[in-house]
Amino acid sequence: MSSDSPGPVSGDSPQGRTPVHVTVWDEAGPGAPRAVLVHGTMSWGTECFAAQRPLARMFRLELVDRRGFGDSPDIERSDYTVDAEDIGRLLYHGAHLVGHSYGAAAAMLAASARPEAVRSLTLIEPSPLRTAAADPTVAAALERIRAAFGDLDEELGPEEYLRRSTEPYGLPVPEPTPRLLRAVRSAMRERPVWDAELPLGPLAAATLPKTVLNGTWETAHPGHREFSGRALMACGAYLAGAIGARHVRVSGAGHAPHQDRPAEVNALLTRLWRS
């Protein structure tokens, strides 16, 4: 069965009720392993993980809309620490956890706080660059990104922000639907994830299975690859080494390997979640 619901956390659960919206895709029936999936910026659960829907034949997929995105309520400023608290409540008695980009930072914090409730942790193109700033490629990109986003015009509208976030990097400019523009407005006010300095000790100590996925970026626009792609690959490698995770590079993929190469990523997730 597939449904839109407020998620598996009930008002009388130990974690209480979370205010975020969760879409449930579940065709596997009672008792199927749970997986909580957390999207990145300028996105929402069902948009980010549309290509993972076939996995619902074997697993219960719970797609989170972070606050300010999708069908979740607005928030004055999106923040990965707030997202982590929401995710921690949604883990309830235990689930596999996946986070993409901005959502990976929140997933890392949630797993650090509640490692006993995480069956496995998968980070797709994690972007807390400051955490990996010991790598010179990451450090250089961090300064470049700070300068670029620090100079943004405060009067910039969401449609222009969307264009500047895609067109210069050879990415198609999506149709500016009301749902997307709301996501862009929330992204414009987010606490910058590239400046997130996350504690890695708790994750390193956790014995749960950990995987970091990166695209190889060889098919990406050169400008996009140089501005952020090389740094994200280096960040993923650094984080994988620091927390004891398996590092997987997905050929022919950019910042969204689960979208660019869904068959390969879905097969990887299936093996991980079954084990």
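Reference entry: report on the structure contained in this document. Remember, predicted model here, so these are calculated numbers, not experimental data. (Residues numbered from 1 in each chain as written. Predicted model: local features only at pLDDT ≥ 70, side-chain atom pairs only at ≥ 80, totals over all residues. Heavy atoms only, no water.)

## Observations concerning the environment of Arg274
Thinking step 1. You can see Arg274 is positioned in helix α10 (residues 262–274).
Thinking step 2. Exposure remark for Arg274: the relative accessible area of 61% places this residue in the exposed category.
Thinking step 3. Sequence separation between Arg274 and Ser78 is 196 residues; the distance between their C-alpha atoms is 33 Å.
Thinking step 4. Once residues lying within four places of it in the same chain are set aside, the contact partners of Arg274 are Met58 and Phe59. (Helix = DSSP H or I, 4+ residues; strand = E, 2+ residues; numbered from the N terminus. Buried < 20%, exposed > 50% of the residue type's maximum accessible area, 1.4 Å probe, protein only. Contact = heavy atoms within 4.5 Å.)

## Some details on the side chain of Asp83
Thinking step 1. Along the chain, the position of Asp83 falls in helix α2 (residues 80–91).
Thinking step 2. The class for Asp83 is buried, based on a relative accessible area of 2%.
Thinking step 3. Setting aside residues no more than four positions away along its own chain, Asp83 makes contact with Arg66, Arg67, Ser78, Tyr102 and Ala106.

## With respect to the packing of aromatic side chains
Thinking step 1. Per the stated rule, a full pass over the model turns up four aromatic pairs.
Thinking step 2. Plain terms: the ring middles of Phe59 and Trp273 are 5.1 Å apart, the flat faces sit at 85° to each other, and that makes the pair edge-to-face. Here Phe59 is found in the loop between α1 (45–48) and β4 (60–65), whereas its partner Trp273 is found in helix α10, with 214 residues between them in sequence. For the pair Phe59 and Trp273, a shared accessibility class is recorded, and that class is buried.
Thinking step 3. Summarising the aromatic geometry, the rings of Phe149 and Trp194 are spaced 4.8 Å apart at their centres and angled 35° between planes, so their arrangement reads as tilted. One end of the pair, Phe149, is in helix α4 (residues 136–150); the other, Trp194, is in the loop between α6 (178–188) and α7 (201–205), and 45 residues separate them in sequence.
Thinking step 4. Positioned above the aromatic ring of Trp44, the side-chain terminus of Arg179 is 5.1 Å from the ring centre. (Phe/Tyr/Trp six-rings, centres within 6.5 Å; stacked < 30°, edge-to-face > 60°. Lys NZ or Arg CZ within 6 Å of the ring centre and 35° of its normal.)

## Concerning the environment of Ala234
Thinking step 1. Relative to the elements of secondary structure, Ala234 occurs in helix α8 (residues 222–243).
Thinking step 2. Between the C-alpha atom of Ala234 and that of Glu125, which follows or precedes it by 109 residues, the distance is 10.0 Å.
Thinking step 3. Excluding its chain neighbours within four sequence positions, the residues that come into contact with Ala234 are Asp135, Thr137 and Val138.

## A closer look at the side chain of Glu62
Thinking step 1. Mapping Glu62 onto the fold places it in strand β4.
Thinking step 2. Within the structure, the side chain of Glu62 is placed 2.8 Å from the side chain of Arg34, a separation counted as a polar contact. (Polar contact = N/O pair within 3.5 Å; in protein donor to acceptor, adjacent residues only side chain to side chain.)

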